[in-house]
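Listed here are the chains, written in short residue letters.
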Amino acid sequence: MSRVSSAAVAGALAPDPQSSEPLYRQLYDKLRRQILTGALSAGQQIPSTRILAADLCVSRNTVMNAIEQLIAEGYLEGAAGTGTFVAAVVPEPITPADAASPHPPARAPRWSAFGERVTVPRSPADAWEGQPAPFRPGIPPFDLFPFDLWGRLASRRWRRRPFELLNYGDPAGYLPLRRAVIDYMSVARGIRAAAEQVIIVSGAQQGLELTARLLLDPGDPVWIEEPGYHGMWTALRLQGADAIPVPVDDAGLDVQAAISRARRVKMAYVTPSHQFPRGVTMTLGRRLDLLHWAEQSDAWILEDDYDAEFRYAGRPIPALQGLDPHGRVIYLGTFTKVLFPALRLAYLVVPPDLVDRFTAAKAAIDRQSPRMDQAILADFIEGGHLARHIRRMRTIYLERAEALVHAADRELKGAVDVARPQAGMHTIGWLRGDVSDRAVSRLAGDAHVVAWPLSTCYRDTAAPPPGLILGFAAYTEAEIAEATRALAGVITRAASPARSDG
Ligand SMILES: Cc1ncc(COP(=O)(O)O)c(C=O)c1O
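Just so you know, these numbers come straight off a predicted model, no measurement behind them.

Basis of the calculations
Every chain begins its residue count from 1, and numbering advances along the sequence as written. Totals for whole chains, interfaces and linings use all residues, but because this is a predicted model, local features are given only for residues with pLDDT of at least 70 and pairs of side-chain atoms are given and counted only at 80 or more. Only hydrogens and water are removed before side-chain values are computed, so all heavy atoms of the structure are retained for them. Where each domain begins and ends follows an automated or database-derived domain assignment. Whether two residues touch is decided by their heavy atoms; if any such pair falls within 4.5 Å, the residues are in contact. Computed with a 1.4 Å rolling probe, the buried area is the accessible surface lost when two parts are put together, summed over both parts. Whether two strands pair depends on DSSP finding at least two bridges between them. Secondary structure elements are defined from DSSP: runs of H or I of at least 4 residues count as helices, runs of E of at least 2 residues count as strands, and each element is numbered from the N terminus. By convention in these notes, a salt bridge is any Lys or Arg side-chain nitrogen within 4 Å of a carboxyl oxygen on Asp or Glu. A simple rule labels every residue: compare its accessible area, found with a 1.4 Å probe on the protein chains alone, to the largest value its type can have, and call it buried under 20%, exposed over 50%, or partly exposed in between. In summary, the pairing rule links any two rings of Phe, Tyr or Trp, Trp by its six-membered ring, whose centres are within 6.5 Å, and it sorts them by plane angle into stacked for under 30 degrees, edge-to-face for over 60 and tilted for everything else. Comment: the charge-over-ring label is applied if NZ (Lys) or CZ (Arg) is within 6 Å of the ring centre and within 35 degrees of the ring normal.

**Focus on the domain arrangement of the chain**
In terms of domains, the chain is made up of domain 1 (6-99), domain 2 (143-387) and domain 3 (396-494). Measuring from the centre of the C-alpha atoms in domain 2 to the corresponding centre in domain 3 gives 28 Å. In this complex, domain 2 contributes 19 residues to the contact, which on the side of domain 3 involves 20 residues. When domain 2 packs against domain 3, close to 1,900 Å² is buried across both sides, 63% of that on carbon and sulfur atoms.

Below, the structure is given as structure tokens:
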């Protein structure tokens, strides 16, 4: 695979000093044009950010912003430490610059600052609608969902001619559901709040987005876990906030490292029960440190408890929200993992003085989440079915987690260390040796195995440890065994010296 020299492209990429466009945007446009006219072709390695920055006399941040945007949109591929390449398949057709076009070039739409920050396509996973294949993470086993029961609860509601559920209602959510959530979560997770503090949202992503919009201004610094959840990166980018990656170790987010990086931040985003993606649980000591810092610094903590219901080892540690006497925690829970993602129902538990503004913002964005689904879900929880379903899934997931650990022990020994899951629905397979997780992931995809590269969850680490995010909850033991065997073949090929495409 060829590497294009910086001198060869610097002329075409040089920024226009008269232009009012930000430098990174000019560079983004020019690089994209080079790709779409075929001047830079699939697989070509582009010069490093350091060299490009020096040749173009711009800051390295400018180059990195442009390149990150092109990676996010699918024009480039690569990661810190492995190089950046023109993607094999780019999102638009390639049209050579000299090809006569019957149409004048379309004028680029003038987006708002928010529109500019939206990347298209956000990720190929967003458009994915197929059957889950091992090891796609974050998906529950649809075949084990209690369809008949849910159907009975739904038809009972519909048969009662529920006019109040067809109407507009409280944007904060259907009160019986908010009560059911608090009753359940106070026991299961130690949440301490009144039902009125629960705001029902359309999926955790809306909760992240709403919280970022209401509490952050462009440029506001926010701690985010490194490696971290891409959904939160998106919410912060859309808001123009300054995301400050903070390392995660075996005890969770490193609070001291965070303070020494940037003490005065507006918010910390954490996944303490089961860190996404590494899977560690934040220790009680760290939780208390974080709460103390938030109180002292007048900062918010956004606690994303996305799959806390599944714990296989050790004591469950109560949610930060329940340990917080000062009202600094905004708690986010979702039914995506315990029920199914298309339900799009999740909830925020916010301090009392935030309730009215969050409710008004929810109303301004989409008025309310679907009331009929909220009512069916309330019946499901009140009838004890949620607790029963979670108990049943916990047993099955633990068996599947064990199946994965054993299959990895058989098939991947010496090549991948699969961490025994303590919680949640996925774990990490740490790749040994000098293997690119992106290369493994690409080859695995060809073998119909989904193995997301861990390195894509890092933003600020020069050489992230290579690993694969392995979901196990949705797959039978036989599927896990077969996919692990396929992965073993892939890793052998990826590690062979003949391949050099990081
Ligand atoms: C860290 C984290 N938060 C939240 C979610 C759930 O998001 P949603 O409720 O929007 O489906 C996920 C799902 O993958 C996740 O990994």
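**Quick notes on the sheet that holds strand β12 (residues 416-418)**
The four strands are arranged β12-β13-β15-β14 in an open sheet whose pairing can be described as antiparallel. The outermost strands of the open sheet, each flanked by one partner alone, are β12 and β14 (452-453). Sheet topology places β12 next to strand β13 (residues 426-431); three bridges connect them, and they run antiparallel. Residue valine 418 lies in a different strand from β13, and its bridge partner there is glycine 429.

**Quick notes on the pattern of salt bridges**
In total, this model carries 18 salt bridges according to the counting rule given. Across the salt bridge formed by lysine 362 and aspartate 366, the nearest N and O atoms sit 2.9 Å from each other. Here the residue lysine 362 and the residue aspartate 366 both occupy positions in helix α14 (residues 355-366), the gap between them amounting to four residues, near one helical turn. When its relative accessible area of 29% is taken as the criterion, aspartate 366 is described as partly exposed. Salt bridges here are not isolated pairs; linked through shared partners, they connect Arg25, Asp29 and Glu116.

**Brief notes about the packing of aromatic side chains**
Evaluated as defined, the whole model comprises eleven aromatic pairs. Judged by centre distance (5.4 Å) and plane angle (80°), the rings of tyrosine 229 and phenylalanine 276 are edge-to-face. A residue pair is termed long-range when its members are at least 10 positions apart, and tyrosine 229 in the loop between β5 (221-226) and α10 (230-239) and phenylalanine 276 in the loop between β8 (267-270) and α12 (284-297) qualify at 47 residues. Residue tyrosine 229 is classed as partly exposed on the basis of its relative accessible area of 23%. Feature note: the residues Phe145, Phe147, Trp150, Phe340 and Phe380 constitute an aromatic cluster, connected by ring pairs. Between the NZ or CZ atom of arginine 328 and the centre of the ring of tryptophan 300, over which it lies, the distance is 4.1 Å. For arginine 459, the ring lying beneath its charged end belongs to tryptophan 233, and the centroid distance is 4.6 Å.

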